[in-house]
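# Structure assessment
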Protein chains: 2
Amino acid sequence: MDDPWTGPTVGQVGELAVLDRIVRRLPAGAPALGPGDDCAVVAAPDGRFVVTTDMMVHGPDFRWAWSSPEDVGWKAAATNLSDVAAMGAVPSGLVIALAAPQDTPVAVLESFADGVRAAVDALAPGCGVVGGDLSTSATFTVSVTAFGDLGGRAPVLRSGARVGDVLAVSGDLGRAARGLARLFRDGVDTDGEPARSAVVASGADADPDVDRQRRPVPPIADGVHAATAGATAMLDLSDGLAIDAGRLARASGVTLDLDPEPRLDDLALHGGEDHGLLATFPPEVALPGGFRRLGAVVARGDADVVRGGEPVPTTGWDPYADWDGAAG
Amino acid sequence: MDDPWTGPTVGQVGELAVLDRIVRRLPAGAPALGPGDDCAVVAAPDGRFVVTTDMMVHGPDFRWAWSSPEDVGWKAAATNLSDVAAMGAVPSGLVIALAAPQDTPVAVLESFADGVRAAVDALAPGCGVVGGDLSTSATFTVSVTAFGDLGGRAPVLRSGARVGDVLAVSGDLGRAARGLARLFRDGVDTDGEPARSAVVASGADADPDVDRQRRPVPPIADGVHAATAGATAMLDLSDGLAIDAGRLARASGVTLDLDPEPRLDDLALHGGEDHGLLATFPPEVALPGGFRRLGAVVARGDADVVRGGEPVPTTGWDPYADWDGAAG
């Protein structure tokens, strides 16, 4: 693969030419009206649409030493598609705003677009990028907004879990965090700074867990499968099973009781960025798609989440309080 | 007014408390389902929705020496609402992603939210902020995505102008640019750096044109008025009358012939950020709302826009090529 960090910069090429080179690489989908006007027009056959937005910032959210531009494009699309799936909706479109420093090679933006396309093709085929905005910033920043159609179904909220329901998950647990831990351990130079050369030399570059950290694979189709099967509550696992289960428990006014088996290790319990789906189902429902049982919904006790009668801590990462300012 | 640049910072207060303090200040609107889940649910009675996204970055798009946090909130909302109006749609919701440095006072984010609310209350009452995302960045960045409902009407595109139509505008021409020119002249210190003290001392702070630069007042309701009256093409004036008229002309395959009167000066022709609406109407239509005649649509010639037989230049600002890197 050619190194995208070479060649003419966006400042040299100018906005229109950059746009032209990016747009042709993005998945077009089938919007009612695509880019070119002040707005795109997107079909909403349901008469409602779901919408989510998420910003990825160089430094706290990704580092060029550890992620390629294509990885960042993939992740920006995948994480937003996952939020759409978590409502039980089918992704219907994305808009992407991107701000890059003026000395960014155009090839970096092209690779980013390739990553968006790869993620959409793999995870939500038919969903297109219907619009966007290109800006300049000292800090590389991506903001994705994703839409979905509910197909006449009620949205699956966090607040619907009922005592007696089964707690189940679809997707990875702890893999993205294991990959991130490997990068923090092996992907740094002798001063502890993120370094691309260390990622390659250590073999971390070929580690499948590192790949999952860079390119999460949320089980998008299982969102609709869960809704159709009668899921009572659902959310996307972005901050780790324990903290996200805590959110579902509090929203529903219940406690979630994890089974002794499978025995979940600390990474599975507390590792973030897997973007699996956590859902609750009535006990008589056969778990659909890739869902597997993790526990049961019980009456609200002192803790949000328990295992073997013991509370499971449900705290996690706070970007304002916890980011160390490093950008690598 | 209290100085928002004081008090505890977002890094000290933490994400949840910051969110809590912001959300209560934002206009709630009437979404089918508000914040709190992975997605918001927004009504789309038309069965389609229009969507636009726009990122505002500290440095190229605004400077704290010249704009208050409330100004930035107003402008971020107003510019996106204007794009919705330019399709002939009624704004139905906004999502806002915001990234702030960790040392930003929480009061800055609260003031930003107050500005969003003021703009929505003034320009599109009933339209709410249905969701968002809060992040950390070395560069203060706001990304707004706005939605609108077409109410069963066809979207008004840039490409529909026909020979014989009347060219008309609603809203300011040149005021925002006059305000910006004043800030560049009077709002700088002896080294030419943007300085709040100079803005106040020079009286620029009380200049109504400066106010329009900071807080554009797009004629949102005139978007629907134009669509209902039968506008054949329309767009939002963001980069200046000449460059935006050029876009409409090229998309429609026509030339726009400006009347000798009113005589438009250079600021009216080439000044950006007014966020008025430029539209074309069949000749028999009585111009609706605040629209006034500027010229006529004629057969495609060598130039996109002409006046008195002479071509009007239709070039403008390119953020990649033209931003000087200053952030003030």
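This is a predicted model, so every value here is computed, not measured.

Another aspect to go through is the relation of the copies chain B and chain A. Both copies of the chain are related by a screw-like operation: a rotation about an axis and a shift along it. When chain B is brought onto chain A, the operation consists of a screw motion whose angular component is 180° and whose axial shift is 0.0 Å, with 0.0 Å RMSD remaining. Taken together, these values place the two copies in the relation of a two-fold axis. Considering only C-alpha atoms, the residue of chain B closest to the rotation axis is Gly47(B), which sits at 2.4 Å. A high fraction, 99%, of the interface residues of chain B reappear at the interface in chain A, so the copies pair face to face through one surface.

As recorded in UniProt, the feature "domain: PurM-like N-terminal" (unreviewed entry) lies at residues 36-148 of chain A. Summarising residues 36-148 of chain A: 31% helix, 36% strand, and an end-to-end C-alpha distance of 22 Å.

What follows concerns helix α2 (residues 15-23) of chain A. Of the residues making up α2(A), those classed as buried are Glu15(A), Val18(A) and Ile22(A). In a view along the axis of α2(A), the buried residues occupy a sector of 65°, so they form one face of it.

Before going further, it helps to examine the pairing of strand β8 (residues 254-258) of chain B. It is a general feature of regular strands that their side chains alternate between the two faces of the sheet. All names here are of chain B. The buried fraction of β8 amounts to four of the five residues, a majority that puts the element mostly inside the structure. One ladder, built from five bridges, connects β8 with strand β10 (residues 292-299); its direction is antiparallel. Each bridged residue has a counterpart across the sheet, and for Leu 258 the counterpart in β10 is Gly 295. Of the strand pairs in this sheet, β8 and strand β11 (residues 305-307) are connected by three bridges, and their pairing is parallel.

With that settled, the discussion passes to the sheet that holds strand β11 (residues 305-307) of chain A. Residue and element names in this part refer to chain A. Here we have seven strands laid out as an open sheet, ordered β7-β9-β6-β10-β8-β11-β12, and mixed in their pairing. Strands with a single pairing partner mark the edges of an open sheet, and in this sheet they are β7 (233-236) and β12 (310-311). Contacting β7, β8 (254-258), β9 (277-281), β10 (292-299) and β11, helix α9 (residues 241-252) crosses the sheet at an angle of about 145° to β7.

Calculation notes
- Residues numbered from 1 in each chain as written.
- Chains lettered and ligands numbered in written order.
- Predicted model: local features only at pLDDT ≥ 70, side-chain atom pairs only at ≥ 80, totals over all residues.
- Heavy atoms only, no water.
- Least-squares fit on C-alpha atoms with pLDDT ≥ 70 in both.
- Contact = heavy atoms within 4.5 Å.
- UniProt positions renumbered as here; feature names shortened; annotations may be inferred.
- Helix = DSSP H or I, 4+ residues; strand = E, 2+ residues; numbered from the N terminus.
- Buried < 20%, exposed > 50% of the residue type's maximum accessible area, 1.4 Å probe, protein only.
- Arc of directions from axis to C-beta.
- Pairing = 2+ DSSP bridges.
- Axes fitted to C-alpha atoms, helices over the stretch in contact; angles between N-to-C directions.

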